[in-house]
Amino acid sequence: LPTIELKKLCGILGYECRVKGNVYYVNATDSKEEYEQVVESNTGNSWTFDYGEKEGWSPQNGSLSTESGYLVMTPSTGDSAVIHAVSFDASEYTHLIVGVKNAEATKNWTAQLFFKTKYATSYAADRKINGRYNTEGKNLGDTVECIIPLYSCEGYRDTITGLRLDQHMTKDVVHFDYIKL
């Protein structure tokens with residue numbers, strides 16, 4: 001089959017297409033306002049896994065796949081994590097929001113965010129922030145959030161170069177719905 005570049009295909013079909021970084025936005029809505037809102041809300045440090053992609057995340061001590069809009073972490077040990085290289089100034093973001101599919105064990109999970117900086121180039125305990133998922137009033141299968149206050153760690157400064165998100169001490173499969181700065 002012939003290959004057609006996405007922007008050209010969109011033009012042939014009459015759809016607006018915009019490229020922002022390495023993300024293609026195709027306007028398949030009737031609302032120009034809705035389309036603009038979606039394009040502008042993606043800061044580049046927000047991952048939703050809606051298109052079956054891992055979006056740059058890689059596994060540590062486990063395997064990653066995508067399934068129905070989720071990034072799925074299957075741990076091989078109780079110390080598994082997902083890792084992503086980033087580059088942003090710490091002053092740009094105050095919180096990390098992690099949404100996962102609520103499972104029986106979610107209420108017992110501790111989310112741990114480790115980060116690297118331009119000057120501290122490895123993940124370490126002095127650059128770790130803990131959080132808990134709010135499962136109150138949520139049903140199994142609902143998305144539950146953990147909001148991690150980045151400013152609560154003294155080492156959160158300078159240029160942030162890496163994120164490592166651990167589901168501390170669990171061998172349960174984790175379905176990430178989104179990870180947003």
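Residues numbered from 1 in each chain as written. Predicted model: local features only at pLDDT ≥ 70, side-chain atom pairs only at ≥ 80, totals over all residues. Heavy atoms only, no water.

### Here we look at the overall build of the protein
Counting secondary structure elements, the protein contains two helices and 13 strands. Per-residue burial for the protein yields a buried fraction of 38% across its 181 residues. The long-range fraction of contacts in the protein, counting pairs at least 24 apart against all pairs at least 6 apart in sequence, stands at 61%. For the protein, the accessible area works out to roughly 10,300 Å², and carbon and sulfur atoms hold 49% of it. (Helix = DSSP H or I, 4+ residues; strand = E, 2+ residues; numbered from the N terminus. Buried < 20%, exposed > 50% of the residue type's maximum accessible area, 1.4 Å probe, protein only. Contact = heavy atoms within 4.5 Å. Areas by Shrake-Rupley, 256 points an atom, 1.4 Å probe, with all protein chains shown as cover.)

### Quick word on the packing of aromatic side chains
Tallied over the entire structure, the rule returns four aromatic pairs. A centroid spacing of 6.1 Å and a plane angle of 75° characterise the contact between tryptophan 109 and tyrosine 133, whose relative ring orientation is edge-to-face. Of this pair, tryptophan 109 sits in the loop between strand 8 (95–101) and strand 9 (110–117) while tyrosine 133 sits in the loop between strand 10 (128–132) and strand 11 (143–149), and the two are 24 residues apart along the sequence. Under the relative-accessibility criterion, tryptophan 109 is labelled buried at 3%. Taking the centre distance of 5.5 Å and the plane angle of 90° together, the rings of phenylalanine 115 and tyrosine 156 count as edge-to-face. A residue pair is termed long-range when its members are at least 10 positions apart, and phenylalanine 115 in strand 9 and tyrosine 156 in the loop between strand 11 and strand 12 (159–168) qualify at 41 residues. Taking NZ or CZ as reference, lysine 180 lies 4.8 Å from the ring centre of tyrosine 178, over its face. (Phe/Tyr/Trp six-rings, centres within 6.5 Å; stacked < 30°, edge-to-face > 60°. Lys NZ or Arg CZ within 6 Å of the ring centre and 35° of its normal.)

### Quick word on unusual backbone geometry
Even without being a glycine, glutamate 55 presents a positive backbone phi close to 55°. Positionally, glutamate 55 belongs in the loop between strand 3 (46–47) and strand 4 (58–60). Taking relative accessible area as the criterion, glutamate 55 reaches 27% and is therefore assigned partly exposed. A positive phi is found at asparagine 61, a non-glycine position, where the angle reads about 60°. Looking at the element boundaries, asparagine 61 is found in the loop between strand 4 and strand 5 (62–67).

Any functional reading would require information that these geometric values do not contain.
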